Amino acid sequence: MQTPSGHPVDPAPGVRLVVLASGGGSNLAALLSAHDDAAYGARVVGVVSDKPDAGALDLARDAGVASVAVAPGEFPDRGAWNAGLAEAVEVFRPDWVVLAGFMRILAPEFLARFPGRVVNTHPALLPSFPGAHGVRDALAYGVRVTGCTVHVVDDGVDTGPIVAQAAVPVLDGDDEASLHERIKVAERSLLVETVGRVAREGLRVDGRRTSLG
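All chains use their own residue numbering, which begins from 1 and follows the written sequence. Per-residue local features are limited, in this predicted model, to residues with pLDDT of at least 70; the limit for side-chain atom pairs, both in listing and counting, is 80 or more; totals at the level of whole chains, interfaces and linings are taken over all residues. In computing side-chain values, all of the structure's heavy atoms are included and hydrogens and water are not.

Colleague: What am I meant to see in the pairing of strand β2 (residues 42-49) here?
Modeller: Along any regular strand, the residues point their side chains to alternate faces of the sheet. Of all 8 residues in β2, 7 are buried, a share of seventy percent or more. Where strand β1 (residues 15-20) meets β2, 6 bridges bridge the pair, whose relative direction is parallel. The residue of β2 that forms the bridge with valine 18 is glycine 46. Crossover connection from β1 via helix α1 (residues 26-35) to parallel β2: handedness right-handed. Strands are labelled as partners when DSSP assigns at least two bridges between them. Put simply, DSSP H or I for four residues or longer makes a helix, DSSP E for two residues or longer makes a strand, and each gets a number counted from the N terminus. Summarising the sheet, β2 and strand β3 (residues 67-69) pair through 3 bridges and their orientation is parallel. Bridging across to β3, valine 48 finds its partner in valine 68. Call a crossover right-handed when, viewed with both strands pointing away from you, the route from the first strand across the helix to the second goes clockwise. For the handedness criterion, the β-α-β arrangement of β2, helix α2 (residues 55-62) and β3 is classed as right-handed. To sort residues, take the accessible area from a 1.4 Å probe on protein chains only and compare it with the maximum for the residue type: under 20% means buried, over 50% means exposed, and anything in between is partly exposed.

What follows is the structure, given as structure tokens:
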């Protein structure tokens, strides 16, 4: 496991966010753009990836945000990796952990470290089309409307209580790439808006029902 990238883990104003990302970091970039506004109420204080070459780590470094890679290959098994990931996240003392394009399932032991404080964004209108191929599955099923979801993470695969959703129409001639690009635009906006509201207003969860404010 690498150490954070040279930036001190200092106290930050507002709610502290740690973002987990596996890819280029377009959702992270949207959060970083929002967090400089004090009125947003939250700030990204750390970025953690499972891939040492993830573009999200470069975005974090460019923004002056501490970052760390926790690669599964550096650990003897999945349980040890989950423990290492949790320890890396805990360094940043997060109020909320945000999964933004993080492509691995978190173990119950990880979630127990941050109970009810992990949210994920998914490119489909849950509970329909969970899993890694939500866009492809929605298109194959022939739906005319799909979208994106922000939800609380639980022990299942995209089964946690839903916090917010946005609809995206499926257009004639759409393929997976074109549909996913339009979903990504809605997803970035929904994630930024929802995380900001969670930070400013709080989130209550009662069974499967959630409420902000």
